[in-house]
Amino acid sequence: MPLTDVAIRKAAPRDKTYRLADGGGMYLEVSPAGGKYWRLKYRFAGKEKRLALGVYPDVPLAAARARRDEARRKLAAGIDPGEAKKAEKRAVRLAATNSFEMVALGWMAERKTYVEIGQYEKTLARFKKDVFPWIGKRSIAEIDAPEILAVLKRIDSRGARFTAHRVRSEVSRVFRYAIKEGYCKTDPARDLVDAIPPAQTTHFASITEPEKVGAMLRAFDGFSGTFPVLCALKLAPMLFTRPGELRKAEWSQFDLGKGEWRYLVTKTRTEHLVPLATQAVQILRELYALTGNGRYVFPGARSAQRPMSDAAINAALRRLGYDTRTEITGHGFRAMARTILHEELEQKPEVIEHQLAHAVPDNLGKAYNRTKFLKERRLMMQKWADYLEVLKTTVPVTSIASVT
């Protein structure tokens, strides 16, 4: 006799497990603890088997019967419903591990071992905001170019064209990682290189007029922040390294006796050598008395275990009254040095580019050699520091007149 909802609710636990038949091989199994489980008894290939259909009351009587009927349709088609259920579970598990989000996180975990933590965190934030909500749960092998393009257009539509291009590149790298790991066979993002119009290149704000550079250097003396930030502010135009390289400088990388700073350029994974002018050595020796016992030359304000904030230099410039969007940024010191070294001090472009640690191939195809032009670079860096000192101490006549 078929079961009823009333009979199921009244089925009380006993000392031993017992069953209440419903028909068609389905029954309700009641455990001594009071659990009520739907089961289907069937035969396949001459063997008696059991199939779990769910737990009451999460799966009510009508739903259990629907699952029974679906299982019996599979039997009629020559399919073992138990094995089919296992295959479905495996597919779900596989889809979870093969989802774009899981594969992307795998790529980022691998990449985290060789990129800066800030770069890793920015990539993760972009994916969480712009990618995962749309294609994160999709199996990476099933994602096609139109789906990715929709993601890119959504980013571009809010005016973030540069971000759209960066995301396309990073999505492509996820697919290349997936190909390597065997999750998929093609990279649909590769075909979308020109799908979004090119972003307009924006150069970092910079000061390249010598007179204005001198005024800026004099303004540095009026900085009221911490001594490490003041030293970084003075060294930034003198050394013109990338801001991230300067702020993360470690004392172990310096040989003040030789006047050298050696570090690994993250972008190219090559060692770079910065000859230190006597003015730079003097600044570093003074700073060593304060931070020399720690790891970082410019430790963070909150913890000496971390380097100075990546916003510290720009924040210092803003405190001095400079607009970091239109006048000068920490990165703008590089453009300032390149322009003035070439136009005012008549230094060779290849020597300047080498000191900037730019990957400019030579005749042999070698992108960078840390010791190339070393003699010329030593002379150039000292000449540059001397020139900045002259600019700082030479106040224009018009400025003197306006003061008096």
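Above: the structure in question.
Residues numbered from 1 in each chain as written. Predicted model: local features only at pLDDT ≥ 70, side-chain atom pairs only at ≥ 80, totals over all residues. Heavy atoms only, no water.

A.B. asks: Can you walk me through the environment of R338 in this structure?
C.D. replies: Checked against the element boundaries, R338 lands in helix α14 (residues 332-343). The partly exposed category is assigned to R338, whose relative accessible area is 35%. Linking R338 and I352, residues 14 residues apart in sequence, is a C-alpha distance of 6.5 Å. Sequence-distant contacts of R338, that is, excluding residues within four places in its chain, are made with I352, E353, L356 and H358. Separated by 3.2 Å, the side chains of R338 and E353 make a polar contact. (Helix = DSSP H or I, 4+ residues; strand = E, 2+ residues; numbered from the N terminus. Buried < 20%, exposed > 50% of the residue type's maximum accessible area, 1.4 Å probe, protein only. Contact = heavy atoms within 4.5 Å. Polar contact = N/O pair within 3.5 Å; in protein donor to acceptor, adjacent residues only side chain to side chain.)

A.B. asks: How should the packing of aromatic side chains be read in this particular structure?
C.D. replies: Under the defined criterion, the tally for this structure stands at 12 aromatic pairs. An angle of 65° between the planes, with centres 6.4 Å apart, marks the rings of F100 and F132 as edge-to-face. One end of the pair, F100, is in helix α4 (residues 100-111); the other, F132, is in helix α6 (residues 132-135), with 32 residues separating them in the sequence. Summarising the burial analysis for this pair, F100 and F132 share the class buried. Chaining the aromatic ring pairs together yields one cluster made of F100, W107, F127, F132 and F175. If you follow R14 out to its NZ or CZ, it ends over the ring of Y18, 3.7 Å from the centre. Cation over ring: R154 sits above W134, and NZ or CZ is 3.8 Å from the ring centre. (Phe/Tyr/Trp six-rings, centres within 6.5 Å; stacked < 30°, edge-to-face > 60°. Lys NZ or Arg CZ within 6 Å of the ring centre and 35° of its normal.)

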